Amino acid sequence: MQPPTNAETVIVLGAGATKAFLPDAPLAVDDYNLNGLKERFEHFPHVRTLLELEGARHQNGRIDIEQLMTRLHGRMPYDSDDDMSQQAHLLSEITKEFINRIRRAKEGQFYKNDLSVFGRKCVNDRITCITFNYDDVLDQALWEIETEYTPTIRTTLRDPYWHPDGGYGFFVPSSNSTVNPGSVYMDKASTLLIKLHGSINWYPRKGERAPYGLDTIYHHEDWYPPKWPALPMGDPELVMRHLEPHPFFIPPVLDKTSLAGEPILQLVWSLAKKCLSNASRVYFVGYSMPVTDLAARFLFKESLDGHSEVIHVVNFAKCEQEKAHIRSAYRTVFKELKDDQFEFDGALKWGQQFTV
């Protein structure tokens, strides 16, 4: 299966794509310091029970972070106000554990050059990337392709370019602008990175409450130093005083109201549907098509129904049983998919075909 070659291509990325380039990146079911969390919440019986129940479902102290975050984010009819307070506290700690796992993964094995080639291909060919991942690994790779800020050129898009201010499909200014407002405007990007569940580098402004408006989110990360001489880098501690302590991202949930209720997610999902509907090629890379993510399945079915010939699936499978499982999952949404529309050597090997 050849890599994409034109601007009408959409690449849908799942957790397997990040893990291919960053092998230590966490999966949904992974080690998130369960024992440490249980010790920390020893005197909070409600969430301690939730942790024990989640731990019992898996082996070796692993937990399903998306399922646990979904439980903590919502409210059951029998949850008391005290229960909800405990859940909010645990949700905060789980979020920290997830972000720390991503940061530690970047310090380990990392196929950074291969990811850079993949990112440059996406930017040069104006390929749209749609991702369910919260991490900012690809974001950083796209930004580092060309970090020079030259607005006269960029506004005409004569050069391929990606910038977090405008590359997500809506205006996400740098957190530095909270202390150095200056002249801040949406920079144009030649490709879009559409993040369907939010991102660990999207932070709401201090005092804002969900649902968040489009003008309340800032991008904040350690890989983006502002380049403008007139707007020096703000002190990180001072900048964080202007932001909520935790980023904006939502785990996949069965209840779609949590997605539809957020204006930001309404926008990015609408962009995703438009891009998918107009695509001449759609590559699903490292995405398992889980049966539990009903919202995603509706998105793909309603955007690509009757056009399954444009679909190519890139995943990793070690045996025929795993291959059959992946084919079966996709054919519950796209019945017409043929065997030659699947590739099972993994995202890394597929991405290494790129030339720029």
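Above: the structure in question.
Just so it is clear, the structure is predicted and the values come from calculations on it, not from any experiment. (Residues numbered from 1 in each chain as written. Predicted model: local features only at pLDDT ≥ 70, side-chain atom pairs only at ≥ 80, totals over all residues. Heavy atoms only, no water.)

A.B. asks: Can you walk me through helix H4 (residues 65-73) in this structure?
C.D. replies: One turn of the α-helix equals 3.6 residues, which is why residues spaced by three or four share an orientation. Along H4, the residues classified as buried are Ile 65, Leu 68, Met 69 and Leu 72. Take H4 and look down its axis: the buried residues cluster within an arc of 95°, on one side only. On its buried side, H4 packs onto helix H3 (45-56), strand S3 (63-64) and helix H5 (81-106). A distance of 3.1 Å separates the backbone nitrogen of Glu 66 from a side-chain oxygen at the start of H4, and that oxygen is part of Asp 64. (Buried < 20%, exposed > 50% of the residue type's maximum accessible area, 1.4 Å probe, protein only. Helix = DSSP H or I, 4+ residues; strand = E, 2+ residues; numbered from the N terminus. Arc of directions from axis to C-beta. Contact = heavy atoms within 4.5 Å. Polar contact = N/O pair within 3.5 Å; in protein donor to acceptor, adjacent residues only side chain to side chain.)

A.B. asks: Looking at this model, I keep getting lost on the nonpolar core. Mind explaining?
C.D. replies: Soluble globular proteins tend to pack their nonpolar side chains together in the buried interior. Of all hydrophobic cores here, the largest spans 78 residues; its most connected members are Phe 118, Phe 284 and Phe 300. Broken down by element, the residue count for this core peaks at 8 residues, all from helix H11 (residues 263-278). Those residues in contact with Phe 284, other than ones at most four positions away along the chain, are Val 12, Met 289, Phe 300, Leu 304, Ile 311, His 312, Val 313, Val 314, Tyr 330 and Phe 334. (Core = buried A, V, L, I, M, F, W, Y, C linked by side-chain atoms within 4.5 Å.)

A.B. asks: For this particular structure, what's the right way to read empty space enclosed by the protein?
C.D. replies: Summed over the entire model, instances satisfying the criterion amount to 3 cavities of 30 Å³ or more. The calculated volume of the largest cavity comes to roughly 140 Å³. Lining the largest cavity are 14 residues, and of these Leu 13, Thr 18, Asn 133, Asp 135 and Leu 138 sit closest to its centre. Those elements giving two or more residues to the lining of the largest cavity turn out to be helix H1 (15-21), helix H6 (112-124), helix H7 (137-144) and strand S5 (193-195). (1 Å grid on protein atoms, 1.4 Å probe; cavity = no way out; pocket = protein on both sides within 12 Å on 5 of 7 lines; lining within 4 Å. Points joined across faces, edges and corners; volume = space filled by probe spheres on them.)

Function cannot be read off these values alone, since they describe shape.
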